[in-house]
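# Coordinate analysis (summary)
One letter stands for each residue in the lines below.
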Amino acid sequence: MTPSLKRIRWRLIGSSVLALVLTLLSFALNQWVYGSSDDQCFWKAEGNKVRIQELLPEGAAEIAGILERDELVAIQGQPVTARTMEEARRFINAQPKGKEVLYQVRRNGRLLALSVKLVRPFNYVGLSVMLSGLVAWAIGLLVVVSSPQRKITRHFYYMGAISLLIPLYAPADSGSVPLLIQVTGHVLSGVIMSIATPLWFHFFLRFPHPFPLRRNRLFLICLYGGFLVIGFLSTLVATADAIARSGVYGDLLWMITDLQAVTTVFRALMAVTVILGVMLFWLGSMKLPFKRQMALLPALFFTTAVCIDLAAYSYLNGMAQGKSLLFQQKAWIFFAPLPLLPLSFAYAILRHGFFDVRRAILRWLTYFAVVGATLTGYFLVLSWIFEQGIYTFEARWVGVIAGLTAWPIGWVLRRVLLALRKKFRRDLNTARDLILGSLQESKKRFSEEDLSSSLVAALREAFHPHVLLLIPVVDRCIELPALAELDDPRSASQSMPLSLRFPLALIRNARDYGELAVGLAGDEADWIREQGKEMRARVDALEAQVMVLLMANGEPHTAVLLGGKYAELNYGREDRELLREVAVSAGILLETALLHQRLLDQGRIEQELQTARRIQEGLITSEAPRIDGYDMALRLEPALETGGDLLWMRRRNNGHWIAAVGDVSGKGLAAALYMSQATALLEFAVRQEAMDFRHLLQALDQTMRNLMRSRDFLTLCLLEWDEWGNYHVARAGHPGPLLIRGTLPEDVLEISPMGRGLGMRPSPPGSWVINEGVLKPGEWLVMYSDGLTEAMNESGELLGLDRFKGLLQAHWSQGSVHEACEAVFQEVDSFETQDRDDRTLFILGRRKG
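Counting restarts for each chain, with residues numbered from 1 along the sequence as it is written. Given that this is a predicted model, residues contribute local features only at a pLDDT of at least 70 and side-chain atom pairs are listed and counted only at 80 or more, while totals for whole chains, interfaces and linings are drawn from all residues. Computation of side-chain values covers all heavy atoms of the structure but excludes hydrogens and water.

## Some points on the overall build of the protein chain
Counting secondary structure elements, the protein chain contains 26 helices and 22 strands. Taking all 849 residues of the protein chain together, the buried fraction comes to 49%. Here a strand is any run of E in DSSP of at least two residues, a helix any run of H or I of at least four, and the numbering for each starts at the N terminus. In this scheme, a residue with accessible area under 20% of its type's maximum is buried, one over 50% is exposed, and one in between is partly exposed, where area comes from a 1.4 Å probe on protein chains only.

## Quick notes on the nonpolar core
Throughout this description, the term nonpolar core refers to a set of buried Ala, Val, Leu, Ile, Met, Phe, Trp, Tyr and Cys residues connected via side-chain atoms within 4.5 Å. Counting residues in each nonpolar core, the largest one holds 59 residues, and the members touching the most others are Ile435, Leu459, Val548, Leu579 and Leu716. Broken down by element, the residue count for this core peaks at 11 residues, all from helix H22 (residues 668–686). Here, two residues are considered to be in contact whenever any of their heavy atoms come within 4.5 Å of each other. In this structure Ile435 touches Leu455, Ala458, Leu459, Ala462, Phe463, Leu578 and Val582, once residues within four positions along its chain are discounted. Counting 55 residues, the second-largest nonpolar core is a separate cluster that includes Ile8, Ile162, Leu300 and Leu341.

## Focus on the pattern of salt bridges
By convention in these notes, a salt bridge is any Lys or Arg side-chain nitrogen within 4 Å of a carboxyl oxygen on Asp or Glu. In this structure the tally under the stated criterion is 23 salt bridges. A salt bridge links Arg839 to Glu832, with the shortest nitrogen-to-oxygen separation between them at 2.4 Å.

## Concerning the sheet that holds strand S19 (residues 748–750)
Read from one edge of the open sheet, five strands run S13-S22-S21-S18-S19, paired in antiparallel fashion. With one partner strand each, in any of the chains shown, strand S13 (630–637) and S19 form the two edges of the open sheet. Neighbouring strand axes in the sheet, compared pairwise and without regard to direction, differ in orientation by 15° on average. For two strands to count as paired, DSSP must find a minimum of two bridges between them. The pairing of strand S18 (residues 738–740) with strand S21 (residues 780–784) spans three bridges and is classified as antiparallel. When the sheet's bridge partners are listed, Ile740 is paired in S21 with Trp780. Think of each axis as a best-fit line through the C-alpha atoms, taken over the contacting stretch in the case of a helix, with angles from 0 to 180 degrees between the N-to-C directions. Across the sheet, helix H26 (residues 817–831) is in contact with S13, S21 and strand S22 (839–846); its angle to S13 comes to roughly 25°.

## Thoughts on the side chain of His557
Mapped onto the elements of the fold, His557 is located in strand S12 (residues 555–563). With sequence-adjacent residues up to four places away left out, His557 is seen in contact with Glu448, Pro472, Val473, Leu550, Met551, Ala552, Leu590 and Leu594.

## Quick word on the packing of helix H5 (residues 151–165) against helix H6 (residues 179–206)
One can describe the packing of H5 onto H6 by two numbers: an axis separation of 10 Å at closest approach and a directional angle of 150°. Of the two possible hands of crossing, H5 and H6 adopt the one that is left-handed. Mapping the contact onto sequence places Lys151, Ile152, His155, Phe156, Tyr158, Met159, Ile162 and Leu165 in H5 and Ile192, Ile195, Ala196, Leu199, Trp200, His202, Phe203 and Arg206 in H6. Each residue belonging to the contact of H5 with H6 can be placed in one class, and the counts come to 12 nonpolar, two polar and two charged. Two helices that cross are described as forming a left-handed crossing if the nearer one is turned anticlockwise from the farther one by less than a right angle, and a right-handed crossing if clockwise. Gly counts as polar in this scheme, as do all residues outside two lists: the nonpolar Ala, Val, Leu, Ile, Met, Phe, Trp, Tyr, Cys and Pro, and the charged Asp, Glu, Lys and Arg.

## Considerations on the sheet that holds strand S7 (residues 468–472)
An order of S7-S12-S11-S10 is seen for the four strands of this open sheet, with the pairing classed as antiparallel. Looking at the sheet topology across the chains shown, the edges are occupied by S7 and strand S10 (515–519). Across the sheet, the axes of successive neighbouring strands diverge by a mean angle of 20°, strand direction being ignored. Note that strand S11 (residues 544–552) and S12 share eight bridges and pair antiparallel. Considered in S12, the bridge of Ala544 is made with Gly563. Together, S7, S11 and S12 form the strand contacts of helix H16 (residues 448–463), whose direction differs from that of S7 by roughly 155°.

## Some thoughts on H16
Any helix carries an expected span of 1.5 Å times its number of residues minus one. Here H16 spans 22 Å end to end across 16 residues, near enough to the 22 Å set by a 1.5 Å rise per residue. Of all the residues in H16, the buried ones are Leu451, Ser454, Leu455, Ala458, Leu459, Ala462 and Phe463. For H16, the angular spread of the buried residues around the axis is 130°, confining them to a single face. Note on H16: the residue one or two positions beyond its end, His464, has a positive phi of about 50°. The arc in question is the one traced by the directions running from the helix axis out to the C-beta atoms.

## What to know about the confidence of the model for the protein chain
Averaged over all residues, the pLDDT of the protein chain equals 81, while 83% of them reach at least 70. When the criterion is pLDDT under 50, residues 485–493 qualifies, and its contacts beyond four places in sequence or with other chains add up to 20 contacts. Confidence of the predictor in every single residue is expressed as pLDDT, which spans 0 to 100.

## What to know about the packing of aromatic side chains
Two rings belonging to Phe, Tyr or Trp (six-membered ring only in the last case) form a pair when the distance between their centres is within 6.5 Å. Interplanar angles under 30 degrees mark stacking, angles over 60 mark edge-to-face geometry, and anything in between is tilted. Tallying each qualifying case throughout the model produces 23 aromatic pairs. Ring centres of Trp282 and Phe301 lie 5.8 Å apart, and the angle between their planes is 70°; on these two criteria the pair is classed as edge-to-face. Residue Trp282 is found in helix H8 (residues 253–286), and its partner Phe301 is found in helix H9 (residues 290–320); the two are separated by 19 residues along the sequence. Each member of the aromatic cluster is reached from another via a ring pair, and the members are Phe156, Trp200, Phe203, Phe204, Phe207, Phe281 and Phe345. Note that Arg89 overlies the ring of Trp43, its terminal NZ or CZ placed 4.1 Å from the centroid. Two conditions define a charge located above a ring, namely a distance within 6 Å from the ring centre to NZ of Lys or CZ of Arg, and an angle within 35 degrees of the ring normal.

## Comments concerning the environment of His811
Mapped onto the fold, His811 is located in helix H25 (residues 801–812). His811 gets classed as buried once you look at its relative accessible area, which sits at 18%. Each residue touching His811, except ones within four places of it in the same chain, is listed here: Trp780, Ser816, Glu819, Ala820 and Ala823. The term polar contact refers here to a pair of N or O atoms within 3.5 Å; inside protein, the definition further demands a hydrogen-donor-capable atom paired with an acceptor-capable atom, and it admits residues adjacent in sequence only when both atoms are side-chain atoms. Looking at His811, its side chain comes within polar contact range of the main-chain oxygen of Leu807, at 3.1 Å.

## Description of unusual backbone geometry
Omega for the peptide link from Phe207 to Pro208 comes to 5°, which places this bond in the cis form. Within the secondary structure, Pro208 is located in the loop between H6 and helix H7 (217–245). Phi at Asn108 takes a positive value of approximately 55°, unusual for a residue other than glycine. By secondary structure assignment, the location of Asn108 is in the loop between strand S5 (100–107) and strand S6 (110–117). Of note in the backbone geometry, Arg476 takes a positive phi value of approximately 65° without being a glycine. For Arg476, the position within the fold is in the loop between S7 and strand S8 (477–480).

## Quick notes on a nonpolar patch on the surface
The grouping of Trp10, Ile13, Val17, Val21 and Leu25 at the surface amounts to a nonpolar patch, some 510 Å² of accessible area in total. By the secondary structure assignment, Trp10 is in helix H1 (residues 3–33). Patch membership requires more than 30% relative accessible area and the absence of a salt bridge. Residues of like charge join within 9 Å; the nonpolar side chains Val, Leu, Ile, Met, Phe, Trp and Tyr join within 5 Å. Areas reported as accessible are Shrake-Rupley estimates using a 1.4 Å probe. Residue values count occlusion only from the protein chains shown.

## Brief notes about the pairing of S10
With five of five residues buried, S10 lies mostly within the body of the structure. In S10, alternate side chains face the same way, and those of Glu515, Ala517 and Gly519 on one face and Leu516 and Val518 on the other are all buried. Strand direction decides the pairing type here: S10 and S11, joined by five bridges, are antiparallel. Looking across to S11, one finds that Glu515 is bridged to Leu550.

## Observations regarding the packing of H25 against H26
Think of two packed helices as two axes; the pair is described by the angle between the axes and how far apart they sit. It is the contact of H25 with H26, at a shortest axis distance of 9 Å, that shows an interaxial angle of 145°. The two elements H25 and H26 meet at a crossing, and its hand is right-handed. On the side of H25, the interface is formed by Arg803, Phe804, Leu807, Leu808 and His811, while H26 contributes Glu819, Ala820, Ala823, Val824, Glu827 and Phe831. Tallied by class, residues from the contact of H25 with H26 come to seven nonpolar, one polar and three charged.

## Some points on the side chain of Ser816
Assignment of secondary structure puts Ser816 in the loop between H25 and H26. Side-chain polar atoms of Ser816 contact the backbone nitrogen of Glu819, separated by 3.2 Å. Among all residues touching Ser816, those that are not within four sequence positions of it are Trp780 and His811.

## Quick notes on the environment of Phe42
Along the chain, Phe42 turns up in strand S1 (residues 41–46). With relative accessibility at 17%, the residue Phe42 sits in the buried group. In this structure, the C-alpha to C-alpha distance between Phe42 and Ala61, residues 19 residues apart in sequence, is 9.7 Å.

## Some points on helix H4 (residues 124–146)
Here H4 contains 23 residues, and its C-alpha end-to-end distance of 33 Å stays within 8% of the 33 Å for a straight helix at 1.5 Å per residue. In terms of residue burial, H4 counts as a mostly covered element, since 17 of its 23 residues are buried.

## Quick look at the environment of Ala659
Looking at the secondary structure, you find Ala659 in strand S15 (residues 657–664). Assessed through its relative accessible area of 0%, Ala659 is described here as buried. Separated by 38 residues in the primary sequence, Ala659 and Thr621 place their C-alpha atoms 9.4 Å from one another. If we skip the residues at most four places from it in the chain, Ala659 touches Trp648, Met649, Cys717, Leu718, Leu719, Trp721, Met783 and Phe842.

Laid out in C-alpha cells, this is it:
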C-alpha cells in the first residue's frame, strides 16, 4: 500500500461503507418497509364532495370497476369528504400491499360497493438514481486508489460518494412512518444536497482545466457556506412540515407557509449552479489539446443531455403538479439515462488516461464485482423475506436474523477475496524467469541502454509497480525528480529536484555483497530522515517503496526505485531476495556493457581485454588459502585474454569449505561473461544458510537457464569438505574428480556421479547424484578441466586421461601438491601445439599425521 493511500484508507473505507449503508437502507425503507400502497386513481375535491378525476389504465381502481367522475362516498365505512380527503389518502397509503379495501362510490344516483386491491408500485426513479450513484462511486474509488496523492482524484471520489447519497430521502408520509425517521431523512437529505451542488461546481473548476478561482479561499467559503445556510433553512422548513402534518405541533403550519420561499430559492440556486458547472465543463474542455477535447466529447454531451433531460422533467412535473398518474408512472424514463453519465466519464478516464487507473482497474473491478454480487444477492434474499413474511416476525427478530445470516456470508466473501488476491499476485518463480530471462539476449549485454530498457520492461511486467524509476548514481548521490503538477499545495515546495546522498555504511554493504535492496520507509530508511523533512516528504510523494542499487566495478552505478506492486501491494521477503538476485545478475551485465562501451569508444582493445582479464581474475580464486590439515594447489590459465573456465572456493558459515571447477561452452568474452555470472551466483547462493549442498546445483541450473542462450551450457564439478575429511562431490556434465591413493593404476579412482550440464535448453529439470566419502591422510582429490586432458600436439594426439593420471601419481609419492600442479602445466605447455583451450587444475591433499 502506497503512503498516500495509507493516509486516507480509513477515510475511503468509512465514507464508502457509510454511503452504501445509508443508500441501500433508504431505498429498502421506502420500497419495502415504509412504502406507500396506492389505489392508482386520483381524487379531486369539488365543493364538499370528492370525485375520481383520473384512473391509471389497467390500474387497481380500474380493475375494481371504478370509473372517472364517480363520487367517492366512503372507504371501509368511513365517509370521505373534502375535509377528510387527505386523512383518507394517508389511510390508503398506510395499508399493506395486496389488501382489499371497500370503496363506496355514487354513480348516476346509485350507490356501489367495490373492492379495490391495493398495490405498491416499484420505485424505478429511485433505482435509476441509486444505480447512477453506485457507478459513480465505484469509478471514483478506482480513480482515487490509482493516484491517491492527487487532490483532483480525491475530489472525483467525493463526487461519486456524494452522488451515491443523492437518492437519500425521508420515507413518504404514509401514516405509518415514525416521525423520528421522517425528521432524520429530511435532515440527511438537506445536508447532502447542500454539499453536492457546490462540490459539482468546484469539481469543474479543477477539471478538465484548472481555473484560478479553484484556489480562492474566500470564494470557496462563500460557495459552500452559502449553500449550507440556505440548505439548513430549507431543511428546517421540510422538517417543520413533517412535524406539523404528524399533528404533534399543528401550530407550525403558519411558520411553514411564511418560509416556503426559502425552499424555492434553494432549488433555483441548485439549478443555476448545476448549469454553471456544465458551462465550466465546456469552457475547460475548449482549453485542452484537440485530442483530449475529442476524448471528453462523450462526457460533455452526456452531461449536457442529462441536465436538459432533468430540466424537462422538472418543468413537466411542475405543470402536472402531481395530478397526472400516467406522468408519475412513466417518470422513470427521464431518470433511466442517469447511469450513462458516470459511464461516459469512465470511458474518458480509461480510454484516454485522464487519470492513471489502468494498473488497478482489473484487480479492483474484480473485487467490486464479487462484493457487489454478494451484497446484491444478500439484500435481494432479505428483501424477498421481508416482502413475503416480515409482518409475521417481531421487529427485534428481523435484526437478529439479518445479523446471523451475515456471518457465514461474510466468511465466504473473505475467503473468496483472499483467493482473488493470490491470483493477482504473480508467482515468484514466474517473476524470476521473466526478469532473468529478459537479460539472456547477448545484444542486451553489451549495451547499457538496452540493458536498462530490458530491466525496466521486465520489472514492470513482473511487478506492475506503481512507480518505476532508474536514476544514475553520481558521487554517491541520486537526483530525485521534481513532482509533476498534482494540483496539490505541496507541489509548490517540491517543484525542484533534490539530491539524495547515500551514507558510507550503505555503500560499504553494497560493495560487500555486490547488491543492495533496501526499503524506503520504516526504520531501515532512517538515513533518509537524517537528510531533512523535505527529503522525507519528497520520497513519500514519489510513492517509492524499495530501492535496488546496481553495482559496477565495486561502485554504485544506478538506483532503481520501485513503487507498490500492482499499485498497492508491499514487497515481501521473497520479493526482496529476488530483487537482490536480479541486482547481482544485472550488475555483472552492467560491468560487461560498460567494458564493451569503453572498447567501442576508445578503440584500445588489447588494454581493455587485459582489464577484463583482471576483472575475471578478481572473480576467480587465484591463491589457495591455508587450511589446517590440508595442502592445496590451484591454477587457471585462460586460452585468450579472457576465458570461460571457472575456479572458485569459499568457506561457508557452517565452517565447511566448498570449491568449484567449471567450463562454459565457447571461448572469449561471451564465455567469460557466463563464467562471471556463474561465479556471482555461487557467491550469492553459499551465503544463504538455507541453501544446502543438495539444492545448490538445482538453483544454479534454474538461473543459468534463464541467463544463457539455448546453445550455451555450463559444466561444473562441486566439492564440499570439512576439517575431518568428510566430503561431498557432485558433477554437472564435467569430468569427474580423481581420488589418488598411491602410485599404482588401481590407486586412482575417478568419482563420476550422474548429472547433466547446467543451463541446457530445452531440457527437463535435472537431478544430480551426490557422492560422499572420507579423504584419508595422504590422499588427494583432483578437479580439472578438459583443457588439460584434451591438449593436442602437432600430430593430433591428445594428452589423454591416463597420461594425466600418471603425471599426478609421479608427484604423489613426493607429497607436494604444488610441485604436482606446476609439473602438470609444464608438461601440457610442452605437449600442446594447437587449438589451445582454457586450463584449470585444483588439488586438495590431506596431510599425513
